[in-house]
Amino acid sequence: MRVVLVGPPGAGKGTQAQFIASNLSIPKISTGDIFRANVSGGTELGKLAKEYMDRGDLVPDEVTIAMVRDRLSEDDAQEGFLLDGFPRNVPQADVLRKMLAEWGTELDVVLELIVDDDEVVRRLAGRRTCSQCGRIWHVELDGKSDDVCDVCGGRLFQRDDDKEETIRHRLEVYQEQTAPLIAFYAEEGILVGVDAMGPVEEVTRRAMDALRPYM
Ligand code: AP5
Ligand code: ZN
């Protein structure tokens with residue numbers, strides 16, 4: 001199954017992606033995670049991406065698209081994948097469609113996570129990520145009083161782009177550049193909206209229900 005997850009920053013894409021991908025036994029491909037791994041690894045790609053990410057702007061399309069093409073060419077993505085954070089504008093969606101057509105395939109479904117703005121800010125302000133296993137936590141939701149991952153014991157960190165000012169800018173960028181994808185995929189007839197308010201497990205259940213007809 002070939003799935004795209006779309007939604008504003010803090011909608012819970014990364015959180016849901018880990019559960020949905022594991023339920024469907026497909027790899028989760030998150031462009032944000034790949035960029036962050038390059039930033040911490042100090043690669044050339046990381047140095048370039050960091051400048052854009054710290055501002056809350058999109059990394060240039062050429063760079064992002066080349067990276068996704070490489071990742072989708074790997075063996076584990078041949079039978080299906082869950083894309084989290086890509087495409088993020090109409091030009092990226094166009095390229096993805098052409099790339100998949102070249103390979104004789106296409107997307108099955110685009111899942112839109114729907115949340116309101118206040119909830120997004122609350123979620124991002126409390127987000128912590130494990131530096132070792134990548135699991136996403138929330139200080140209030142998960143009652144985290146220390147900075148230690150309950151799964152692997154790794155240190156939790158707060159993302160550089162989760163500062164209030166940068167969050168606000170990322171929301172603007174979403175409205176201007178990513179929200180038009182909703183109409184793009186609705187027109188293609190593969191868009192499904194999921195109410196992403198409420199507990200994580202409840203949202204996962206709704207997402208799996210929404211995906212069932214495409215399995
Ligand atoms: P990216 O990493 O994709 O960030 P984003 O889209 O801003 O999304 P987030 O990761 O902030 O939020 P999320 O929806 O995954 O929420 P999460 O599950 O963590 O991109 C970062 C940057 O990389 C971009 O700004 C850009 O510079 C660059 N980039 C990436 N892709 C690109 C592309 N294609 N083109 C160009 N540039 C690109 O949840 C948030 C918090 O809420 C967590 O603490 C979680 O525990 C909590 N939470 C989740 N679900 C619930 C719930 N149901 N109830 C309560 N709390 C919840
Ligand atoms: Zn961990």
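Criteria and cut-off values
Residues numbered from 1 in each chain as written. Chains lettered and ligands numbered in written order. Predicted model: local features only at pLDDT ≥ 70, side-chain atom pairs only at ≥ 80, totals over all residues. Near = placed C-beta within 6 Å. Nonpolar A, V, L, I, M, F, W, Y, C, P; charged D, E, K, R; others polar. Pairing = 2+ DSSP bridges. Helix = DSSP H or I, 4+ residues; strand = E, 2+ residues; numbered from the N terminus. pLDDT = per-residue confidence, 0-100. UniProt positions renumbered as here; feature names shortened; annotations may be inferred. Contact = placed C-beta atoms within 7 Å. Axes fitted to C-alpha atoms, helices over the stretch in contact; angles between N-to-C directions. Buried ≥ 20, exposed ≤ 12 C-beta atoms within 10 Å, placed from the backbone. Core = buried A, V, L, I, M, F, W, Y, C linked by C-beta atoms within 7 Å. Left-handed = near helix turned anticlockwise from the far one by under 90°. Parallel < 35°, antiparallel > 145°, perpendicular 65-115°, else oblique.

### What about the site of ligand 1?
Lining the immediate environment of ligand 1, one finds 35 residues, of which Pro-9, Gly-12, Gly-32, Gly-85 and Arg-123 sit closest. Taken together, the residues of the shell around ligand 1 break down into 15 nonpolar, 13 polar and seven charged.

### Points about the sheet that holds strand S7 (residues 156-157)
Reading across from one edge, S6-S5-S7 is the order of the three strands in this open sheet, with antiparallel pairing throughout. Edge strands, defined here as strands with exactly one partner in the open sheet, are strand S6 (136-138) and S7. Taken together, the three bridges between strand S5 (residues 127-130) and S6 define a ladder with antiparallel strand orientation. Residue pairing across strands places Thr-129 opposite Ile-136, the latter belonging to S6.

### Description of the confidence of the model for the chain
Per-residue pLDDT for the chain averages 96, and the proportion of residues at 70 or more is 100%. Reported confidences for the modelled complex are a pTM of 0.94 and an ipTM of 0.96.

### A closer look at the UniProt feature "binding site: AMP" (unreviewed entry) in the chain
Taking the UniProt record as the reference, the feature "binding site: AMP" (unreviewed entry) is found at Thr-31, Arg-36, Asp-57, Leu-58, Val-59, Gly-85, Phe-86, Pro-87, Arg-88, Gln-92, Arg-159 and Arg-170. The named residues occupy 140 residues along the chain; their greatest pairwise C-alpha distance, 24.6 Å, places them well apart from one another. Along the polypeptide, Gln-92 turns up in helix H5 (residues 90-102). Ignoring anything within four residues of it in the chain, the contact list for Gln-92 reads Asp-61, Thr-64, Ile-65, Phe-86 and Pro-87.

### Looking at the sheet that holds strand S3 (residues 81-84)
Spatially, the five strands line up as an open sheet ordered S2-S3-S1-S4-S8, and their pairing is parallel. In this open sheet, the two strands that pair with only one neighbour each are strand S2 (28-30) and strand S8 (191-195). Averaged over neighbouring strand pairs, the angle between their axes works out to 25 degrees when direction is ignored. Examined bridge by bridge, strand S1 (residues 2-6) and S3 share four bridges and lie parallel to one another. Note that in S3 the partner of Val-3 across the bridge is Leu-82. The strands touched by helix H9 (residues 200-211) are strand S4 (109-114) and S8; relative to S8, the strand with the most contacts, the crossing angle is about 155 degrees.

### Topic: the pairing of S5
Alternating positions in S5 separate into two faces, Arg-127 and Thr-129 on one and Arg-128 and Cys-130 on the other, with burial throughout. A loop of five residues connects S5 with S6, the two strands running antiparallel in sequence, and Gly-134 in this loop sits at a positive phi of about 85 degrees.

### Some words on the environment of Asp-146
The topology assignment puts Asp-146 in the loop between S6 and S7. The exposure class assigned to Asp-146 is exposed, which follows from the 8 C-beta atoms found within 10 Å. When the C-alpha atoms of Asp-146 and Leu-156 are compared, they prove to be 8.6 Å apart, with 10 residues separating the residues in sequence.

### Overview of the nonpolar core
One broad rule of soluble globular proteins: the nonpolar side chains tend to lie buried together. In terms of nonpolar packing, the biggest core is built from 30 residues, with Val-4, Leu-5, Leu-82, Leu-83, Leu-111 and Leu-113 touching the most fellow members. Listing elements by their share of this core, those giving two or more residues are S1, helix H1 (13-24), S3, H5, S4, helix H6 (117-125), helix H8 (180-188) and H9. With four residues, S1 is the largest single contributor of residues to this core. With sequence-adjacent residues up to four places away left out, Leu-83 is seen in contact with Val-4, Leu-5 and Ile-29.

### Quick notes on the packing of helix H2 (residues 31-41) against helix H3 (residues 44-55)
Between H2 and H3, whose axes approach to 8 Å, the crossing angle comes to 115 degrees. Two packed elements cross with a definite hand, and for H2 against H3 that hand is left-handed. On H3, the residues that touch Phe-35, Asn-38, Val-39 and Gly-41 of H2 are Leu-45, Gly-46, Ala-49, Lys-50 and Met-53. In terms of residue class, the contact of H2 with H3 is made up of five nonpolar, three polar and one charged.

### Structural notes on the packing of H1 against H9
Where H1 meets H9, the closest approach of the two axes is 10 Å, and the angle between their N-to-C directions is 50 degrees. Here H9 runs oblique to H1, going by the angle between their axes. By crossing handedness, the relation of H1 to H9 is classed as right-handed. Here Thr-15, Gln-16, Phe-19, Ile-20 and Asn-23 of H1 come into contact with H9, specifically with Val-200, Val-203, Thr-204, Ala-207 and Met-208.

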